[in-house]
Amino acid sequence: LEGYTARSEIFTVTVTPCEHTGINMENNICADCGTPLAAMVSYVLGSGEPSETPPEPIAKYFVTFADAWEYATTTAPSDYTDVTVFADQTVEAPLAVPAGRRISLSSHMGIEGGTATITGTGEATVIVNGELHLSEITVRNNTHHAISVDSAVSGEGEYALSLTSVESSPTVVDGLDVAGDS
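Just so it is clear, the structure is predicted and the values come from calculations on it, not from any experiment.

A. Expanded view of the nonpolar core. Grouped together as the largest cluster of nonpolar side chains are 29 residues, with contacts concentrated most on Phe-65, Leu-105, Leu-132 and Ile-147. Of the residues forming this core, the biggest block, five residues, is contributed by helix H1 (residues 65-75). Counting six residues, the second-largest nonpolar core is a separate cluster that includes Ile-23, Cys-30, Met-40 and Tyr-61.

B. Highlighting unusual backbone geometry. Of note in this structure, His-20 is not a glycine but carries a positive phi near 50°. Looking at the element boundaries, His-20 is found in the loop between strand E2 (12-14) and strand E3 (23-24). Phi angles above zero are rare outside glycine, and Asn-28 is one such case at about 55°. Relative to the elements of secondary structure, Asn-28 occurs in the loop between E3 and strand E4 (29-30).

C. How the structure looks around the layout of surface pockets. In this structure, the largest pocket encloses a volume near 190 Å³. Lining the largest pocket are Cys-18, Glu-19, His-20, Thr-21, Ala-59, Lys-60, Tyr-61, Phe-62, Val-63 and Asp-67. Considering every element that reaches the lining of the largest pocket, the biggest residue donor is strand E6 (residues 58-62), with four residues. Broken down by class, the residue content of the lining of the largest pocket amounts to five nonpolar, two polar and three charged.

D. Representation of the packing of aromatic side chains within the structure. Within this structure, the stated rule accounts for three aromatic pairs. The interplanar angle of 40° and the centroid separation of 6.4 Å between the aromatic rings of Tyr-43 and Tyr-71 together place this pair among those described as tilted. Of this pair, Tyr-43 sits in strand E5 (residues 39-43) while Tyr-71 sits in helix H1, placing them 28 residues apart in sequence. Of the two residues examined, Tyr-43 and Tyr-71, each falls in the buried class. Look at Phe-65 and Trp-69: their rings are 6.1 Å apart centre to centre, the planes differ by 45°, and that puts the pair in the tilted class. Of this pair, Phe-65 and Trp-69 are both found in helix H1, four residues apart, which corresponds to roughly one turn of the helix. Each member of the pair Phe-65 and Trp-69 is classed as buried. Through successive ring pairs, a cluster of aromatic residues spans Tyr-43, Phe-62 and Tyr-71.

Cut-offs and rules
- Residues numbered from 1 in each chain as written.
- Predicted model: local features only at pLDDT ≥ 70, side-chain atom pairs only at ≥ 80, totals over all residues.
- Heavy atoms only, no water.
- Core = buried A, V, L, I, M, F, W, Y, C linked by side-chain atoms within 4.5 Å.
- Buried < 20%, exposed > 50% of the residue type's maximum accessible area, 1.4 Å probe, protein only.
- Helix = DSSP H or I, 4+ residues; strand = E, 2+ residues; numbered from the N terminus.
- 1 Å grid on protein atoms, 1.4 Å probe; cavity = no way out; pocket = protein on both sides within 12 Å on 5 of 7 lines; lining within 4 Å.
- Points joined across faces, edges and corners; volume = space filled by probe spheres on them.
- Nonpolar A, V, L, I, M, F, W, Y, C, P; charged D, E, K, R; others polar.
- Phe/Tyr/Trp six-rings, centres within 6.5 Å; stacked < 30°, edge-to-face > 60°.

Take a look at the structure:
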């Protein structure tokens, strides 16, 4: 029904898609339309210069994890983005972190808590050519490496891959391959 318009002599109805501008964090559904959401991409716009009042992060919510990852790695107007998944995900093609991008990947499982798992079914689950930070998430691959890092890539930051883990929601990488000249 997206973009559908119905008219009569009495009224006009136009159906527009929900922008998913808010989320109920207890169950990870859109606060406006009730659709289950798979992921959120957030970023901060600014010059990077210190200020007294830090800018508020901008958040976009997505129905599919694939759409969220695509937005974070190609379209988001910032090279530094946070991707938060709200449920376990399976990916067939590797998730690529392009050179020049810094992605922070984490999970939020609602009131039940726990850690989401990203499982790849292809050659690798994540291929890092930029920078990747993992926090409170599990990344695995059933047949190959979970994360492949090209150590020959020189990023702007201090790392190609970093992990943060907390006792209640550990970060787990099941298989790591570092390739290239180091």
